[in-house]
Amino acid sequence: FEHLEKTGQMDSTMIVVTSDHGDYLGDHWLGEKDLFHECSVKVPLIIYDPSSNADSTRGTVCDELVESIDLAATFIDVAGGEVPDHIVEGRSLLPFINGEQVDHWREYAISEFDYSATQMAAKLNLEPREARLFMVADKRWKFMHSEGGFRPMLFDMVADPDELVDLGDSAQHNDVIELMYERLSEW
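Residues numbered from 1 in each chain as written. Predicted model: local features only at pLDDT ≥ 70, side-chain atom pairs only at ≥ 80, totals over all residues. Heavy atoms only, no water.

Student: Sorry, what's going on with the packing of aromatic side chains here?
Tutor: Here a ring pair, both rings aromatic, is described through the centre-centre distance and the interplanar angle of the planes. Tallied over the entire structure, the rule returns four aromatic pairs. When the ring of Phe96 is compared with that of Trp105, the centres are 4.8 Å apart and the planes differ by 85 degrees; the resulting orientation is edge-to-face. As far as burial versus exposure is concerned, Phe96 and Trp105 are alike and both buried. (Phe/Tyr/Trp six-rings, centres within 6.5 Å; stacked < 30°, edge-to-face > 60°. Buried < 20%, exposed > 50% of the residue type's maximum accessible area, 1.4 Å probe, protein only.)

Student: I keep staring at the sheet that holds strand 5 (residues 141–146) and nothing clicks. Help me out?
Tutor: The strands making up a sheet are joined through hydrogen bonds of the backbone, oriented either antiparallel or parallel. Here we have four strands laid out as an open sheet, ordered 3-4-5-6, and antiparallel in their pairing. Only two strands of the sheet have a single neighbouring strand rather than two, namely strand 3 (109–114) and strand 6 (153–156). Between one strand axis and the next, the sheet turns through 15 degrees on average, direction left out of account. Strand direction decides the pairing type here: strand 3 and strand 4 (residues 132–137), joined by six bridges, are antiparallel. Following the sheet pairing, Glu112 is matched in strand 4 by Phe134. Sheet strands touched by helix 6 (residues 174–186): strand 4, strand 5 and strand 6. Its angle to strand 5, the strand with the most contacts, is close to 65 degrees. (Pairing = 2+ DSSP bridges. Helix = DSSP H or I, 4+ residues; strand = E, 2+ residues; numbered from the N terminus. Axes fitted to C-alpha atoms, helices over the stretch in contact; angles between N-to-C directions. Contact = heavy atoms within 4.5 Å.)

Student: Would you mind going over the pairing of strand 5 with me for this structure?
Tutor: Regular strands show a simple pattern: their side chains alternate between the two faces of the sheet. In terms of burial, strand 5 is largely enclosed, as six of its six residues are buried. With burial as the criterion, each face of strand 5 is covered, one bearing Trp141, Phe143 and His145 and the other bearing Lys142, Met144 and Ser146. Examined bridge by bridge, strand 4 and strand 5 share five bridges and lie antiparallel to one another. Bridge pairing in strand 5 links Val136 to Phe143. Connecting the antiparallel pair strand 4 and strand 5 is a turn made up of three residues. Inspection of the sheet shows strand 5 paired to strand 6 by four bridges, in the antiparallel sense. Note on strand 6: the bridge partner recorded for Trp141 is Asp156. Taken together, strand 5 and the strand that follows it, strand 6, pair antiparallel across an intervening segment of six residues, in which Gly148 is found at a positive phi of about 90 degrees.

Here it is in C-alpha cells:
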C-alpha cells in the first residue's frame, strides 16, 4: 500500500482482499474442508474502491449472498466493459459498492465439493460420480445434498447459527428441503 500511496496509484486502484475457503481446524470435530459449515464455506471479502461513488459505503458491511464468481464480473464492470453473461456466471458487486439499490439479487448461494479422490470416498466405497456434495444456502437455511445415497442435512442459521442441530430428517422441514432441492435443480 505504501508504494501505491507514494506513486499516487492509491487514488485509482481497487483493492480486493479475499482468500480460498476456510478449514475446520477442529470445529465440528472435523479438519480441512469436509462439509459446508460456516467455518469452512465462508470466505472473507474486503473491497476498497477509491472512486468517490463508493464514499457512501466506506466502512460498511454488505450481508447479501455474494459468491466468488462475482469478482470477475465486478472487475469487468470496473474496467468499463460489458459483462458477457453467457460466459461469466457472476454478477457485478459495483452497485453494492456504490450504494445503489439492487433489485433481484440472488436468493441463494451454491457451493460444491468433489471428494472422489479422497480417502473418505474410498472408505465409503463410492464411485467418483457419487462422491460429490452440494450446498444451497439462503439467509436463513443451509442445505447440504450428498450424492451416493446419503440423506440431506439442513440447518436453521437463525435458530442454530453454530450448525449443531441437523434437521435433514425432520418431517416438519420437508417444505424447506423440497425448496432447496428445487433450487439445486434450477442451478
